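Structural overview for review
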Amino acid sequence: MSNPVISVVITTRNRRDELHRALKSCFSQTGVSYEVLVFDDASDDGTDSMVREEFPRCRLIRSHERAGLIVRRSQSFHEASGEFVLSLDDDAYFTHPETLAMVCQLFAREPKTAAWGLKYYEPAKAAKMPTLADGALIKCYIGCAHALRREVARDLGGYPDFLVHQGEERDLCIRLMDKGWEI
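Keep in mind that what you see is a predicted model, and the values were worked out from it rather than measured.

The nonpolar side chains of a soluble globular protein tend to be buried, and buried together. Among the nonpolar cores identified, the biggest contains 30 residues, and Ile6, Val8, Ile10, Leu23, Leu86, Leu88 and Leu100 are the most heavily contacted of them. Going through the elements one at a time, strand 1 (6-12), helix 1 (16-26), strand 2 (34-41), helix 2 (47-54), strand 4 (84-88), helix 4 (99-109) and strand 6 (145-149) are the ones with two or more residues in this core. With five residues, the top contributor of residues to this core is helix 4. Apart from the residues within four sequence positions on either side, Val8 is in contact with Cys26, Glu35, Val36, Leu37, Leu86, Leu88, Phe94 and Leu100. By size, the runner-up hydrophobic cluster in this structure holds 20 residues, among which are Ala114, Leu148, Ala153 and Leu156.

A large share of strand 4 lies buried, amounting to five of its five residues. Burial along strand 4 is two-sided: the residues Phe84, Leu86 and Leu88 and Val85 and Ser87 are all buried. Sheet topology places strand 4 next to strand 6; five bridges connect them, and they run antiparallel. Bridging across to strand 6, Ser87 finds its partner in His146.

Spatially, 3-2-1-4-6-5 is the arrangement adopted by the six strands of the open sheet, whose pairing is mixed. Two strands lie at the open edges of the sheet, namely strand 3 (59-63) and strand 5 (115-117), each paired on one side alone. In this sheet, adjacent strand axes meet at a mean angle of 20° when their direction is disregarded. Where strand 2 meets strand 3, five bridges bridge the pair, whose relative direction is parallel. Each bridged residue has a counterpart across the sheet, and for Val38 the counterpart in strand 3 is Leu60. Sitting on the sheet, helix 1 touches strand 1, strand 2 and strand 4, and the angle it makes with strand 1 is about 175°.

Take His146: it is sitting in strand 6. Classification of His146 by relative accessible area gives buried; the value is 1%. Residues His146 and Leu118, 28 residues apart in the sequence, show an inter-C-alpha distance of 5.4 Å. Sequence-distant contacts of His146, defined by excluding residues within four places in its chain, comprise Arg73, Val85, Leu86, Ser87, Trp116, Gly117, Leu118, Tyr141 and Tyr159. Only 2.8 Å separates the side chain of His146 from the side chain of Tyr159, close enough to count as a polar contact.

Definitions and cut-offs
Sequence order sets the numbering: in each chain, residues are counted from 1 along the sequence as written. In keeping with the model being predicted, local features are shown solely for residues with a pLDDT of at least 70 and side-chain atom pairs are shown and tallied solely at 80 or more, while totals for entire chains, interfaces and linings include all residues. To obtain the side-chain values, all non-hydrogen atoms of the structure were included, while hydrogens and water were left out. In plain words, nonpolar cores are sets of buried Ala, Val, Leu, Ile, Met, Phe, Trp, Tyr and Cys residues tied together by side-chain atoms within 4.5 Å. Only protein chains enter the accessibility calculation, which uses a 1.4 Å probe. A residue is then buried if its area is under 20% of the maximum for its type, exposed if over 50%, and partly exposed in between. Numbering of helices and strands runs from the N terminus, with a helix taken as a DSSP run of H or I at least four residues long and a strand as a DSSP run of E at least two residues long. Only heavy atoms matter for contacts: two residues are in contact if any of them lie within 4.5 Å across the pair. A pair of strands is considered paired only if DSSP assigns at least 2 bridges between the two. An axis is simply a line fitted to the C-alpha atoms; with a helix, the fit covers only the stretch in contact. Between two such axes, the angle follows the N-to-C directions and lies from 0 to 180 degrees. Whenever two N or O atoms come within 3.5 Å, that pair is a polar contact, provided that in protein one can donate a hydrogen and the other can accept it, and provided that, for residues adjacent in sequence, both atoms are side-chain atoms.

See below:
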């Protein structure tokens, strides 16, 4: 798709079935031009074949050596074409067909906002999740589903790969706020 406004990025490793559900939800989105990129971090369960066969519109970036979630997320800021990057965990999925369009509207409405944390539901943790008003300023988002201004995240160097799988969101949020951006 030419000139996507928003890029959906999913990093994965050996979660073919979960990824399939996530991709189905991605390709049901309406109301905005978008692209979907899957970063396959050396899966050996047939993930790459499933993506190629069932989701030909998806851009698959396959690595034969594991680098980890954080490295792949940061890589997305260079590979994505959209003005915005929405990172979606491979075991998550969209529940509304206009989620991407709504995220783009939020960025347009709030030019000082560099990142949006998307509401999500985790059945096992539902009682522990805080309830926030839509548009509330926060200090950090959860990586499960979030959107960033691609250029801003890229200019800040993305996520630090030395954190591996904890604290990367908080680190980037601190650097965003230090530069005067809202979350």
